Number of protein chains: 2
Amino acid sequence: MSIVHENIPDVTIGKFLQELGSSAPAPGGGSTAALSGAMGAALVSMLCNLTIGREKYADYQEINAETKKRSDELIHELTECITKDMTSYDSVMAALKLPKNTEEEKALRSERLQEAYKSAASAPIETSEKCLEVMKLAYSLTGKSNKTAECDLLAAALNANSGIALAIVNVKVNLLYIKDSEYVGKTCYWADRITREASEILKNIREAMKA
Amino acid sequence: MSIVHENIPDVTIGKFLQELGSSAPAPGGGSTAALSGAMGAALVSMLCNLTIGREKYADYQEINAETKKRSDELIHELTECITKDMTSYDSVMAALKLPKNTEEEKALRSERLQEAYKSAASAPIETSEKCLEVMKLAYSLTGKSNKTAECDLLAAALNANSGIALAIVNVKVNLLYIKDSEYVGKTCYWADRITREASEILKNIREAMKA
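Residues numbered from 1 in each chain as written. Chains lettered and ligands numbered in written order. Predicted model: local features only at pLDDT ≥ 70, side-chain atom pairs only at ≥ 80, totals over all residues. Heavy atoms only, no water.

## Considering the relation of the copies chain B and chain A
Right, on to step 1. Overlay of chain B on chain A (RMSD 0.0 Å): rotation 180°, translation along the axis 0.0 Å. In short, the pair behaves as if placed about a two-fold rotation axis. The rotation axis passes nearest to the C-alpha of B:Thr12 in chain B, at a distance of 1.9 Å.
Right, on to step 2. A shared interface surface links the copies, since 100% of the contact residues of chain B are contact residues in chain A too. (Least-squares fit on C-alpha atoms with pLDDT ≥ 70 in both. Contact = heavy atoms within 4.5 Å.)

Rendered as structure tokens:
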């Protein structure tokens with residue numbers, strides 16, 4: 001019984017870890033990227049929930065309410081990214097099964113495979129972008145959320161940053177098979193940019209925590 | 001309905017994220033540390049399962065069987081660390097409720113609080129040590145496990161490394177309240193050491209992957 005076609009929020013932690021540890025093709029590292037991001041988003045929501053309605057933080061009610069709206073959505077969206085990750089190889093598997101008897105068949109199979117690898121890379125790219133959004137939300141709350149739990153903003157960012165690093169491993173694995181050098185170049189540039197941006201935000205949050 | 005006293009493997013991902021995002025005192029960042037570590041351990045088991053019984057990897061059957069035995073245990077132990085994290089503040093909460101009317105009561109309360117903060121710090125310390133073990137297992141398998149999924153060894157290490165960073169945030173939060181300077185000094189030294197060791201292992205795995 002695979003969890004690939006189950007509703008992820010209904011899957012137990014025990015079952016998820018069991019399937020992750022098995023030799024089944026999915027879930028794998030990309031699914032842990034999305035779950036890390038979802039945990040980061042949840043910690044942002046936690047901070048908002050610990051701040052909303054507290055008189056002491058009257059000045060920051062609006063930003064916390066707005067942030068919570070988006071972080072709650074991101075929990076949901078990143079949970080969906082777990083499913084997207086688990087099915088991201090379906091099109092690759094399908095293309096690999098195409099016939100390759102004639103030159104025409106070979107060409108078609110090769111073309112479909114190239115599309116499939118790009119499609120497979122799009123799942124962890126989406127996960128990364130959403131994780132970066134989690135990090136930005138966490139940073140925007142520094143100094144504007146419940147002081148007693150503020151260290152969990154750093155935890156939120158660490159989870160999301162790990163989500164980005166994990167997702168990029170999966171993006172790069174797909175790039176190995178993609179022949180479109182412009183696409184590969186652009187995606188490598190994107191990966192460097194988002195990694196740098198994420199580590200910059202993490203550094204800024206650490207600085208803000210020290211202060 | 002809190003998940004604090006539930007059996008964590010039976011808790012659904014949706015429920016875990018919901019409780020994490022709520023204003024409930026637990027779970028928080030420390031629980032995400034342990035779950036990240038458990039995901040790392042599961043990815044190590046996955047690689048072993050993809051290698052055991054394959055003739056192509058005949059030379060590495062023993063190390064994969066041994067590693068799998070330990071990584072399977074670590075999935076379980078790190079899942080237990082989620083519960084330990086969620087209850088780690090119980091003794092702090094109990095000590096905070098002690099009476100402080102007389103000098104004697106104040107002194108006893110202060111003493112109990114100090115013990116409680118050390119006890120609270122011990123949960124994320126344990127999580128970190130187990131995460132480091134996951135990273136060492138992942139590194140020990142580089143070049144000795146199924147080539148097609150080897151990038152998930154890096155994913156295993158990234159998850160466990162994130163578990164360490166997350167756990168250390170929680171260790172340091174407790175240190176802020178601990179007056180025993182020898183304990184604080186030793187623990188800061190430990191945190192620096194394990195962080196450096198983890199990033200060294202991560203670097204080594206990245207190097208091994210490139211080769």
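## A word on the packing of aromatic side chains
All names here are of chain A.
Right, on to step 1. Scanning the model with the defined rule gives 2 aromatic pairs over all chains in all.
Right, on to step 2. Centre to centre, the rings of Tyr-117 and Tyr-177 are 4.8 Å apart; their planes meet at 10°, and the pair counts as stacked. One end of the pair, Tyr-117, is in helix α5 (residues 103-140); the other, Tyr-177, is in the loop between α6 (151-175) and α7 (181-210), with 60 residues separating them in the sequence. (Phe/Tyr/Trp six-rings, centres within 6.5 Å; stacked < 30°, edge-to-face > 60°. Helix = DSSP H or I, 4+ residues; strand = E, 2+ residues; numbered from the N terminus.)

## Quick notes on the packing of helix α1 (residues 13-21) of chain A against helix α2 (residues 29-49) of chain B
What describes two packed helices is the angle between their axes and the distance between those same axes.
Right, on to step 1. Remark: α1(A) packs on α2(B), axes separated minimally by 7 Å, with the N-to-C direction vectors making an angle of 35°. Between α1(A) and α2(B), the residues in contact are A:Ile13, A:Phe16, A:Leu17, A:Leu20 and A:Gly21 and B:Leu35, B:Ala38, B:Met39, B:Ala42, B:Leu43, B:Ser45, B:Met46 and B:Asn49, respectively.
Right, on to step 2. Broken down by class, the residue content of the contact of α1(A) with α2(B) amounts to 10 nonpolar, 3 polar and no charged. (Axes fitted to C-alpha atoms, helices over the stretch in contact; angles between N-to-C directions. Nonpolar A, V, L, I, M, F, W, Y, C, P; charged D, E, K, R; others polar.)

## Considerations on the state of the cysteines
Right, on to step 1. Within this structure, the stated rule accounts for 0 disulfides over all chains.
Right, on to step 2. Among the cysteines around A:Cys188, which has no disulfide bond, B:Cys151 carries the closest sulfur, lying 15 Å off.
Right, on to step 3. Judged by its relative accessible area of 31%, A:Cys188 falls in the partly exposed class.
Right, on to step 4. Unpaired in this structure, B:Cys81 has its nearest cysteine sulfur neighbour in B:Cys131, at a distance of 7.9 Å. (Disulfide = S-S within 2.5 Å. Buried < 20%, exposed > 50% of the residue type's maximum accessible area, 1.4 Å probe, protein only.)

Interpretation in functional terms is not warranted from these geometric data alone.
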